[in-house]
Amino acid sequence: MATGGKQHFDYKTYPRLVGETGGKDFIFVHNSADIQQLVTALIRGAFEYQGQKCSAVSRAYIPKSIWKKVKDSLLSETSKIKIGDIENFSNFMNAVIDKTSFDNIKSYIDYARGSSEANIISGGNCDDSVGYFIDPTIIETNNPTFKTMVEEIFGPVLTIFVYDDSKYEETLALCDKTSVYGLTGAIFANDRKAISIAAEKLRYAAGNFYINDKPTGAVVGQQPFGGARDSGTNDKAGSLLNLIRWVSTRSIKESYNAPSDFSYPFMLEK
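Calculation notes
- Residues numbered from 1 in each chain as written.
- Predicted model: local features only at pLDDT ≥ 70, side-chain atom pairs only at ≥ 80, totals over all residues.
- Heavy atoms only, no water.
- Helix = DSSP H or I, 4+ residues; strand = E, 2+ residues; numbered from the N terminus.
- Axes fitted to C-alpha atoms, helices over the stretch in contact; angles between N-to-C directions.
- Parallel < 35°, antiparallel > 145°, perpendicular 65-115°, else oblique.
- Left-handed = near helix turned anticlockwise from the far one by under 90°.
- Contact = heavy atoms within 4.5 Å.
- Nonpolar A, V, L, I, M, F, W, Y, C, P; charged D, E, K, R; others polar.
- Buried < 20%, exposed > 50% of the residue type's maximum accessible area, 1.4 Å probe, protein only.
- Arc of directions from axis to C-beta.
- Polar contact = N/O pair within 3.5 Å; in protein donor to acceptor, adjacent residues only side chain to side chain.

Undergrad: When you look at the environment of Glu 200 in this model, what are you seeing that I'm missing?
TA: Residue position: Glu 200 is located in helix H7 (residues 192-201). Counting along the chain gives 26 residues from Glu 200 to Gly 226, while the straight-line C-alpha distance between them is 18 Å.

This is the structure we're talking about:
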């Protein structure tokens with residue numbers, strides 16, 4: 001965008017700028033959530049494509065009252081994930097894209113491993129001997145603004161913050177202000193009031209907001225996609241809203257009874 005702004009004099013008209021950058025996408029959980037559906041969403045949302053999606057789940061907020069059940073199921077299901085060659089369709093995950101990505105993701109895992117504010121409860125292994133493989137990694141932190149809760153990682157790393165049930169709305173506000181991004185997010189709850197509160201409190205935290213579903217996999221033409229804040233210009237790819245950003249609108253007026261006197265009635269002297 002900066003480059004386009006500097007070079008706009010080279011164009012016959014101002015260039016149209018539509019941007020999508022990154023995200024720090026979340027799943028927020030209410031204590032009325034269906035645990036198994038939640039666990040499935042966490043795993044698919046965080047670890048499909050090795051977390052290499054701008055919409056991938058990277059942080060989660062889970063109430064203390066259900067954390068034990070969620071944790072047991074999440075760790076059990078995550079342990080079933082097979083990692084290997086993409087030609088074997090039974091593998092759920094494969095290697096990350098390249099060495100640069102591998103080193104970057106590994107640096108976050110190493111940071112969490114050495115911090116007193118975090119605990120790696122699953123995964124954490126990285127192997128670049130043949131390909132760039134990183135295990136699906138789950139971090140639990142007691143700091144809601146811990147580095148891996150804030151910064152985009154673009155890899156199979158999910159960080160979880162467990163909150164006090166009585167601080168539902170307070171933690172929603174925390175979720176909203178934690179990240180500079182605003183791409184995707186989800187609420188898991190069966191309490192309709194809790195869903196309504198979350199939808200309102202997280203109004204600007206996610207351009208694509210999901211209720212009881214993972215915040216990834218928007219279908220072009222059905223779920224216009226995009227977010228604001230540092231995630232981009234939120235022009236909603238896959239919709240008319242995006243299409244009209246690229247056209248030059250022209251208005252035409254034709255008069256069939258044009259005025260023949262420049263003066264107006266209010267100008268008449270009394």
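Now that the structure has been shown, the text picks up again.
Undergrad: Looking at this structure, I do not really get the packing of helix H6 (residues 168-178) against H7. What am I missing?
TA: Packed helices, taken two at a time, are described by the angle their axes make and the gap between the axes. Where H6 meets H7, the axes come as close as 10 Å, and the angle between the chain directions of the two elements is 30°. The orientation of H6 with respect to H7, classified from their angle, is roughly parallel. The two elements H6 and H7 meet at a crossing, and its hand is right-handed. For the pair H6 and H7, contact is made by Tyr 168, Glu 169, Leu 172 and Asp 176 and by Ala 194, Ile 195, Ile 197, Ala 198 and Lys 201, respectively. A breakdown of the residues in the contact of H6 with H7 according to their chemical character gives 6 nonpolar, no polar and 3 charged.

Undergrad: So what exactly am I meant to see when it comes to H7 here?
TA: An α-helical turn contains 3.6 residues, so any two residues separated by three or four positions project in the same direction. Within H7 the residues assigned to the buried category are Ala 194, Ile 195 and Ala 198. Burial along H7 is one-sided: seen end-on, the buried residues are contained in an arc of 100°. Facing away from the buried surface of H7 by more than 90 degrees, the exposed residues are Arg 192, Lys 193 and Glu 200. Packing partners of the buried residues in H7 comprise H6, strand E9 (184-188) and strand E10 (208-211). The opening residue of H7 is Asp 191, an N-cap whose side-chain oxygen sits 2.9 Å from the backbone nitrogen of Lys 193.

These results come straight from atomic positions and should not be treated as a statement about function.
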